[in-house]
Amino acid sequence: MGNFADWWIEYVEAHRAQGVRITPDTALMYSSVWQGVNTIAGDIASPPFYCYDVENDGDLVINKRDPSYYLLNVEPNELMSAYTFRQILQAHALIWGNGMAAIQRDDRMVPRRLIPLLPDRTEIILENGQLFYVVNRGLEDEMTLRSENVFHVVGLSFDGFEGYPLWKYGRESLGLGLESERHSTRTLQNNSVPPVVLKHPAMLSEEEADQLLETWQKRQGGDNKGRAALAAGGLEVTALSHTNEQNQHIEQRKFQRVEVASWLNLPPHKLNDDQNASYNSLENQERAYLNQTLRRWFSTWEAEAQRKLMRERDKRSARKIFKHDTTMLVETDMSTKTTQWTSLVSAEIATRNEARRRFGLPLSEDPAADELRNPNTRTDESGGGEESTETDNEAVEAHRRLIASALTDLVTVDVEKLQRAAKRTKNFVSWLDSHYSKTVDIFDKKLAPIYDCYNVVAGTELAPPSAEYAENSKNTILAIAGAAIGQDDLHSQVTTETAGWTNNLDAYLPELSHG
């Protein structure tokens with residue numbers, strides 16, 4: 001293929017000629033759509049979905065006696081769990097624009113069952129200002145439900161009661177993605193290129209050529225891929241790289257992942273497109289995923305539960321609300337989480353038992369564990385009640401382990417970047433300067449809060465070793481780059497040097513004892 005423009009025109013024309021019929025089923029056959037829908041539906045179904053009583057002082061208390069608690073968190077009907085039910089409705093809402101379930105009530109109009117309705121067999125009708133759901137149950141058997149007896153999760157909508165189906169409005173993008181996959185399959189099947197070409201100086205007979213290829217395949221194929229090869233007797237081995245057309249196919253597949261992410265309002269890294277994501281940016285993208293993608297769906301579920309699962313008097317009194325507990329979706333890594341709760345307890349915002357409950361630990365029987373008090377402050381009874389600050393050795397060591405854990409995570413990511421750049425980056429030294437100019441800020445952002453807590457419990461004024469680590473690491477790698485011969489040698493030496501870095505971090509940690 002001469003250039004990208006020619007390839008693109010030919011590809012689009014082939015797409016138009018071939019045509020791909022998009023249905024809800026074929027849309028889910030596209031791997032990026034499957035992954036995106038599965039991710040969002042699973043994350044919407046995962047957190048607890050509670051009905052809260054609103055106390056006079058504004059506190060929220062979970063009401064486990066409310067019938068909706070059992071329906072939304074345990075079992076909506078005899079055939080499935082609450083997780084499966086919520087996942088099904090959310091998947092329907094994503095693909096069809098509408099996730100619906102029939103509400104079965106008892107004689108007192110209390111909801112007792114939630115039964116999913118198939119969106120392709122449910123017609124939404126507005127008649128004389130009333131909304132009805134006509135369910136086709138097969139064999140010309142229809143069931144009509146009033147709006148108040150249907151739990152309806154609506155996606156983006158023009159009229160407010162029927163959502164836009166993604167598989168229809170996104171059919172051009174989804175069709176292009178599916179055709180791209182099929183085109184790639186046809187290309188590999190019809191134009192497969194071997195990884196290497198063997199050149200022999202002698203004219204071989206057909207039998208000798210077959211024997212040479214069979215021997216090569218036996219020694220270098222299957223489980224032996226990647227082993228060192230021996231080319232004897234003048235044999236030349238030439239490795240073949242991807243053609244321009246193959247590379248363009250790869251780039252097109254990447255673009256299509258971003259396109260699907262846009263339709264689903266997903267950050268691209270959720271569809272494994274993390275080429276521009278760093279360790280810190282991934283954390284920010286996870287928060288963005290909660291706030292921009294999941295939050296609107298949570299709000300839709302909560303508003304519908306308020307309308308359909310709550311008694312009229314409770315709605316009007318505003319004494320109850322439905323709310324998801326999204327704590328599990330925003331939890332950070334263990335070291336950051338521990339740092340946050342240590343700060344909350346030390347600042348007397350939370351009690352020790354509240355922190356232990358958040359970590360899933362048994363509550364302490366110490367009465368002081370339920371009081372808002374700084375555990376690092378002790379009362380010296382022999383001194384007439386005067387307070388004295390003592391360094392708790394166990395707390396100091398615990399914070400030191402937190403620093404070690406966070407530093408290990410950061411160095412692990414740094415090592416991966418160094419090894420990857422040594423293999424692929426042409427101007428490695430320039431890249432190294434740019435890389436370590438950013439490393440100090442990245443390390444400081446992660447380590448500074450932990451060091452603040454460490455200094456409180458240890459009575460020190462230490463700063464994170466970010467600059468020291470960056471300078472030492474940069475000088476070490478620069479020395480290797482200056483002595484390396486070629487890209488392969490550089491990659492080999494950098495990999496060997498950095499392999500043990502995460503095991504030799506003691507020099508960057510606070511000393512075990514402080515005077």
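Definitions and cut-offs
- Residues numbered from 1 in each chain as written.
- Predicted model: local features only at pLDDT ≥ 70, side-chain atom pairs only at ≥ 80, totals over all residues.
- Heavy atoms only, no water.
- Helix = DSSP H or I, 4+ residues; strand = E, 2+ residues; numbered from the N terminus.
- Expected span 1.5 Å × (residues − 1).
- Buried < 20%, exposed > 50% of the residue type's maximum accessible area, 1.4 Å probe, protein only.
- Arc of directions from axis to C-beta.
- Contact = heavy atoms within 4.5 Å.
- Salt bridge = Lys/Arg side-chain N within 4 Å of Asp/Glu carboxyl O.
- Pairing = 2+ DSSP bridges.
- Axes fitted to C-alpha atoms, helices over the stretch in contact; angles between N-to-C directions.

(A) Up close: helix H17 (residues 466–483). In this model H17 runs 26 Å from its N-terminal to its C-terminal C-alpha over 18 residues, within 8% of the 26 Å that 1.5 Å per residue would give. Among all positions in H17, only Ser466, Tyr469, Ala470, Ser473, Ile477, Ile480 and Ala481 are buried. The buried side chains of H17 occupy one side of the element, clustering within an arc of 105° when seen end-on. Those residues of H17 that are exposed and angled more than 90 degrees off the buried face are Glu471, Ala479, Gly482 and Ala483.

(B) Quick look at the environment of Asp66. Mapping Asp66 onto the fold places it in the loop between strand S2 (60–62) and helix H4 (67–73). Sequence spacing of Asp66 and Tyr50 is 16 residues, and the spatial spacing of their C-alpha atoms is 9.4 Å. Those residues within four positions of Asp66 in sequence are excluded, and the remaining contacts are Cys51 and Lys320.

(C) Inspection of the side chain of Asn455 at higher detail. Within the fold, Asn455 resides in helix H16 (residues 428–458). Asn455 sits in the buried class, given a relative accessible area of 14%. Not counting residues up to four positions away in its chain, the partners in contact with Asn455 are Thr460, Glu461 and Leu462.

(D) Spotlight on the pattern of salt bridges. Scanning the model with the defined rule gives 13 salt bridges in all. With a shortest N-O distance of 3.0 Å, Asp106 and Arg112 are connected by a salt bridge. For Asp106, a relative accessible area of 22% puts it in the partly exposed group. Across the pair Lys474 and Asp433 runs a salt bridge, and its minimum N-O distance is 3.0 Å. Linking Lys474 in helix H17 with Asp433 in helix H16, this pair joins segments that are 41 residues apart in sequence. Residue classification places Asp433 among the partly exposed residues on the basis of a relative accessible area of 36%. Overlapping salt bridges, with partners in common, bring together Asp66, Arg311, Asp314 and Lys320 in one network.

(E) The sheet that holds S2, seen in detail. An order of S2-S1-S11 is seen for the 3 strands of this open sheet, with the pairing classed as antiparallel. Of all strands in the sheet, those bounded by a partner on one side alone are S2 and strand S11 (320–324). Taken pair by pair, the neighbouring strands of this sheet meet at an average axis angle of 40°, ignoring direction. Summarising the sheet, strand S1 (residues 49–54) and S2 pair through 3 bridges and their orientation is antiparallel. The residue of S2 that forms the bridge with Val54 is Leu60.

(F) Up close: helix H3 (residues 31–45). Taking 1.5 Å per residue, 15 residues should reach 21 Å; H3 reaches 21 Å between its end C-alpha atoms and fits that length. With 11 of 15 residues buried, H3 lies mostly within the body of the structure. Here H3 has its buried residues at Ser32, Val33, Gly36, Val37, Thr39, Ile40, Ala41, Gly42, Asp43, Ile44 and Ala45.

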